[in-house]
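# Architecture at a glance
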Amino acid sequence: MITKIQVARLDDIDRLGSRTVFVEGKEVAIFRLSDGSVHAIENRCPHKGGKLSEGMVCGAAVHCPLHDWKINLRSGRVQEPDHGEVTVYEIEVDEATGAIYISL
Ligand code: FES
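Residues numbered from 1 in each chain as written. Predicted model: local features only at pLDDT ≥ 70, side-chain atom pairs only at ≥ 80, totals over all residues. Heavy atoms only, no water.

### Observations regarding the side chain of H39
As for its placement among the helices and strands, H39 is situated in strand β4 (residues 38-42). A polar atom in the side chain of H39 sits 3.0 Å from the side chain of S37. Ignoring any residue separated from it by four or fewer positions in sequence, one finds H39 in contact with A29, I30, F31, L33, L73, R74 and I91. (Helix = DSSP H or I, 4+ residues; strand = E, 2+ residues; numbered from the N terminus. Polar contact = N/O pair within 3.5 Å; in protein donor to acceptor, adjacent residues only side chain to side chain. Contact = heavy atoms within 4.5 Å.)

So this is what it looks like as structure tokens:
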């Protein structure tokens, strides 16, 4: 069964900004790209656990604040030459109310 949980509102997150939320005990980083799209990934770098919510967003990737690994916010994959991936959460935005939901 899919559960939909409201985690934030569009107004809460600036473009190229992020917000951290806890969903069922997991720390999730929500990002808003320059095109306005919203993406959610686990807030833990697969390298050594850096907080991705504190990284810089560039294009569709976030740069980990610790050692600059680049993680694609759409696929969750680490860019070459590094390797790894993070969990990507499905996001839904209600354009009428600005509510952001995560599906679990
Ligand atoms: S912990 Fe993220 S690059 Fe090292």
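### Thoughts on the nonpolar core
By size, the foremost hydrophobic cluster in this structure holds 15 residues, and its most contacted members are F31, I41, C45, L52, V62, I71 and L73. Once you skip the residues sitting within four places of it in the chain, I41 turns out to touch V28, A29, F31, L52, V62, I71, L73, V86, T87, V88 and Y89. Among the nonpolar cores identified, the runner-up in size contains 13 residues, and A8, L10, V28 and I102 belong to it. (Core = buried A, V, L, I, M, F, W, Y, C linked by side-chain atoms within 4.5 Å. Buried < 20%, exposed > 50% of the residue type's maximum accessible area, 1.4 Å probe, protein only.)

### A word on the pairing of β4
Of all five residues in β4, four are buried; the element is thus mostly enclosed. Bridge analysis of strand β3 (residues 26-32) against β4 gives five bridges, and the strand direction is antiparallel. Bridged to F31 within β4 is H39. Between β3 and β4, which pair antiparallel in sequence order, lie five residues; one of them, G36, sits at a positive phi of approximately 90 degrees. One ladder, built from two bridges, connects β4 with strand β8 (residues 88-94); its direction is antiparallel. Its bridge partner lying in β8, I41 is registered against V88. (Pairing = 2+ DSSP bridges.)

### Overview of unusual backbone geometry
With an omega of 10 degrees, the peptide bond running from E80 to P81 counts as cis. Summarising the element assignment, P81 is placed in the loop between β7 (70-72) and β8. A positive phi angle, near 50 degrees, is found at E24, a position not held by glycine. For E24, the location among the structural elements is in the loop between β2 (18-23) and β3. By relative accessible area, E24 is classed as exposed at 61%. Notably, D68 is not glycine yet its phi reads approximately 65 degrees, a positive angle. Residue position: D68 is located in the loop between β6 (61-63) and β7.

### Some points on the pattern of salt bridges
Opposite charge on two side chains allows them to pair when their charged atoms are near. A complete count under the given rule lists five salt bridges for this structure. A salt bridge links E27 to K51; the shortest N-O distance between them is 3.0 Å. Placement of E27 in strand β3 and of K51 in the loop between β4 and β5 (56-58) is noted, with a sequence separation of 24 residues between them. Residue D35 pairs with R74 through a salt bridge whose shortest N-O separation is 3.5 Å. With a gap of 39 residues between them, D35 in the loop between β3 and β4 and R74 in the loop between β7 and β8 connect regions that are remote in the sequence. The class for D35 is partly exposed, based on a relative accessible area of 49%. (Salt bridge = Lys/Arg side-chain N within 4 Å of Asp/Glu carboxyl O.)

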